[in-house]
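Examination of the molecular architecture
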Amino acid sequence: MDNKPLEDLAENYIKTRLSKAKIKYLKPNYDTDGTDLVLLNPLNKHIAKQVIVQSKGRNVTNNPSNFSIPVEYVVSNFVCFIYLEVDGDSNDYFYIFFSEDIKGWNKAYGKFV
């Protein structure tokens, strides 16, 4: 199954939520080390704190789903947003996991699962 349309939907939903919260973000031209978006918190005109965002979208209508994140991606400024879709359900299921949450997951083959 092609996850790309749902991954795009998830990322667009995340960008909408960030915009509503007035959080500035950038979309890199390509994914490096799991970076789908970069959140920016300007400290002054020349310096900004950044947060690395990985976004995931999964359809859980008929089957449970899982995903993994390489251990080396999960540093102090890493967060993962999860958007779950259930066919026929108009609710949005949207979750955020911070690096400390993810570090508590099981590890297998160099990945958090």
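Our structure's up above, just so we're on the same page.
Presented here is an overview of the structure given in this document. (Residues numbered from 1 in each chain as written. Predicted model: local features only at pLDDT ≥ 70, side-chain atom pairs only at ≥ 80, totals over all residues. Heavy atoms only, no water.)

1. Remarks on the packing of aromatic side chains
Applied cut-off: Two aromatic rings, drawn from Phe, Tyr or Trp (for Trp, its six-membered ring), form a pair once their centres lie within 6.5 Å of each other, and the interplanar angle then sorts them: stacked below 30 degrees, edge-to-face above 60, tilted otherwise. Numbering of helices and strands runs from the N terminus; a helix is a DSSP stretch of H or I covering at least four residues, while a strand is a stretch of E covering at least two. We call a residue buried when its accessible area falls under 20% of the maximum for its residue type, exposed when it is over 50%, and partly exposed in between, using a 1.4 Å probe and counting protein chains only.
According to the stated counting rule, one finds 5 aromatic pairs in the structure shown. Plain terms: the ring middles of Tyr13 and Tyr83 are 5.0 Å apart, the flat faces sit at 45° to each other, and that makes the pair tilted. Here Tyr13, found in helix α1 (residues 4-20), pairs with Tyr83, found in strand β5 (residues 78-85); they are 70 residues apart in sequence, far enough to count as distant. Under the relative-accessibility criterion, Tyr13 is labelled buried at 18%. By relative accessible area, Tyr83 is classed as buried at 8%. Centre to centre, the rings of Tyr13 and Phe94 are 5.0 Å apart; their planes meet at 75°, and the pair counts as edge-to-face. Here the residue Tyr13 occupies a position in helix α1, and Phe94 occupies one in strand β6 (residues 93-98), the gap between them amounting to 81 residues.

2. Examining the sheet that holds β6
Cut-off, in case you're wondering: DSSP-based pairing: two strands are paired if at least 2 bridges between them are found. Axes here mean lines fitted to C-alpha atoms, for a helix over just the part in contact, with angles spanning 0 to 180 degrees between N-to-C directions. For this analysis, residues touch if any pair of their heavy atoms sits within 4.5 Å.
Overall, mixed pairing links the 5 strands, which are arranged β1-β2-β3-β5-β6 in an open sheet. Of all strands in the sheet, those with a lone pairing partner are β1 (24-26) and β6, marking the two edges. Across this sheet, the average inter-strand angle for adjacent strands is 30°, counted without regard to direction. Strand direction decides the pairing type here: strand β3 (residues 48-59) and β5, joined by 8 bridges, are parallel. Across the sheet, Val53 pairs through a bridge with Val79, a residue of β5. Here α1 sits on the sheet in contact with β1, β2 (37-42), β3, β5 and β6, set at roughly 140° to β3.

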